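Secondary and tertiary structure notes
So you can see what is in the structure, the chains are spelled out below.
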Amino acid sequence: MEIHILRLSHRLPRDERISTHVALVARAFGADGMTYTGQHDSGLEDSIKRICNNWGGKFSVSYEKSFKKVITSYKKKGFEIIHLTMYGIPVQKMKKPEKALIIVGSEQVPSEVYRLADQNLSVTGQPHSEVAALAIALERLNGMDHEFKGKLQVLPSKSGKHVIKTSM
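Heads up: these notes are all about the structure in this document. Values in this document were obtained by computation on a predicted structure and should not be read as measured data.

So, about the nonpolar core. Nonpolar side chains in soluble globular proteins tend to be buried together. If you look at the biggest cluster of nonpolar residues, it comprises 31 residues, and the most contacted ones within it are Ile-5, Met-34, Phe-59, Leu-84, Ile-102 and Leu-134. Elements with a minimum of two residues in this core: strand E1 (2-10), helix H1 (16-28), strand E2 (33-38), helix H2 (42-55), strand E4 (80-90), strand E5 (99-104) and helix H5 (130-142). Among the nonpolar cores identified, the runner-up in size contains 13 residues, and Leu-6, Phe-67, Val-70 and Val-113 belong to it.

Below, the structure written as structure tokens:
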């Protein structure tokens with residue numbers, strides 16, 4: 001399944017951690033990449049490149065000024081546009097597409113996003129974190145069994161932290 005994330009309205013310094021966490025969750029749950037709008041942030045891009053370099057995966061982050069351009073481009077490629085919002089239908093009723101562009105907001109989302117989306121999905125109908133909403137939606141779409149081959153690897157352990165360096 002192809003999955004890409006669109007993070008709306010990234011604001012410096014306010015959203016540095018949250019947008020990074022959106023990218024980290026997207027990568028860990030098997031998305032292919034993330035495009036963000038708002039303010040350009042090379043630090044966000046560099047941080048995710050370092051994570052991929054050390055921990056593996058082909059996840060990419062890119063910047064685009066216009067959210068409409070991103071949505072239109074993905075629609076033309078046959079992607080289902082899924083907008084995560086507290087105002088949508090329950091995520092349990094999500095239609096699972098072959099290809100998805102998942103939109104995650106920041107500041108107030110323009111009403112046009114709701115109209116452009118094929119699915120406006122709500123995780124709880126309550127105020128919540130966009131990071132949590134993304135994790136739940138991605139788990140429902142893509143599961144949690146993703147393999148990464150990188151320079152670092154966590155060895156499962158009942159107690160303690162066990163990280164090894166691989167030969168990559």
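Structure's up, so let's keep going.
We now examine the pairing of E4. Looking at chain direction, E4 and E5 are connected through five bridges and run parallel. Of the residues in E5, the one forming a bridge with Leu-84 is Val-104.

Turning to helix H3 (residues 67-76), a few remarks are in order. Those residues of H3 that sit buried are Phe-67, Val-70, Ile-71 and Tyr-74. Projected onto a plane normal to the axis of H3, the buried residues spread over an arc of 95 degrees and lie on a single side. In H3, the exposed residues that point more than 90 degrees away from the buried face are Lys-69 and Lys-76. The inward-facing, buried residues of H3 abut E1, E2, E4, E5 and helix H4 (111-116).

A word on the sheet that holds E1. The parallel open sheet is built from six strands, whose spatial order is E3-E2-E1-E5-E4-E6. A strand with exactly one partner marks an edge of an open sheet, and here the two such strands are strand E3 (60-63) and strand E6 (119-122). Across the sheet, the axes of successive neighbouring strands diverge by a mean angle of 30 degrees, strand direction being ignored. Relative to the sheet, H1 contacts E1, E2, E3 and E5, its axis offset from that of E1 by approximately 175 degrees.

Another point: H2. End to end, H2 covers 20 Å across 14 residues, agreeing with the expected 20 Å (1.5 Å per residue, within 8%). For H2, the set of buried residues is Leu-44, Glu-45, Ser-47, Ile-48 and Cys-52. Here the buried residues of H2 occupy an arc of 165 degrees about the axis, which is enough to place them on one side. For H2, exposure combined with an orientation more than 90 degrees from the buried face picks out Lys-49 and Arg-50. Among the structural elements, E1, H1, E2 and E3 are those in contact with the buried residues of H2. Taking the backbone nitrogen of Gly-43 as reference, a side-chain oxygen 3.0 Å away marks Asp-41 as the first, capping residue of H2.

The buried count for E5 comes to five of six residues, which makes it a mostly enclosed element. Where E1 meets E5, six bridges bridge the pair, whose relative direction is parallel. Bridge pairing in E5 links Arg-7 to Val-104.

Here we take up the pattern of salt bridges. Within the structure shown, the criterion is met by seven salt bridges. For Glu-130, the salt bridge goes to Arg-7, with nearest N and O atoms at 3.1 Å. One end of the pair, Glu-130, is in helix H5; the other, Arg-7, is in strand E1, and 123 residues separate them in sequence. Here Glu-130 falls in the partly exposed class, since its relative accessible area comes to 23%. The partner of Lys-68 in a salt bridge is Glu-112, with the nearest N and O atoms 3.2 Å apart.

What counts, and where the lines are drawn
Residues numbered from 1 in each chain as written. Predicted model: local features only at pLDDT ≥ 70, side-chain atom pairs only at ≥ 80, totals over all residues. Heavy atoms only, no water. Core = buried A, V, L, I, M, F, W, Y, C linked by side-chain atoms within 4.5 Å. Buried < 20%, exposed > 50% of the residue type's maximum accessible area, 1.4 Å probe, protein only. Helix = DSSP H or I, 4+ residues; strand = E, 2+ residues; numbered from the N terminus. Pairing = 2+ DSSP bridges. Arc of directions from axis to C-beta. Contact = heavy atoms within 4.5 Å. Axes fitted to C-alpha atoms, helices over the stretch in contact; angles between N-to-C directions. Expected span 1.5 Å × (residues − 1). Polar contact = N/O pair within 3.5 Å; in protein donor to acceptor, adjacent residues only side chain to side chain. Salt bridge = Lys/Arg side-chain N within 4 Å of Asp/Glu carboxyl O.

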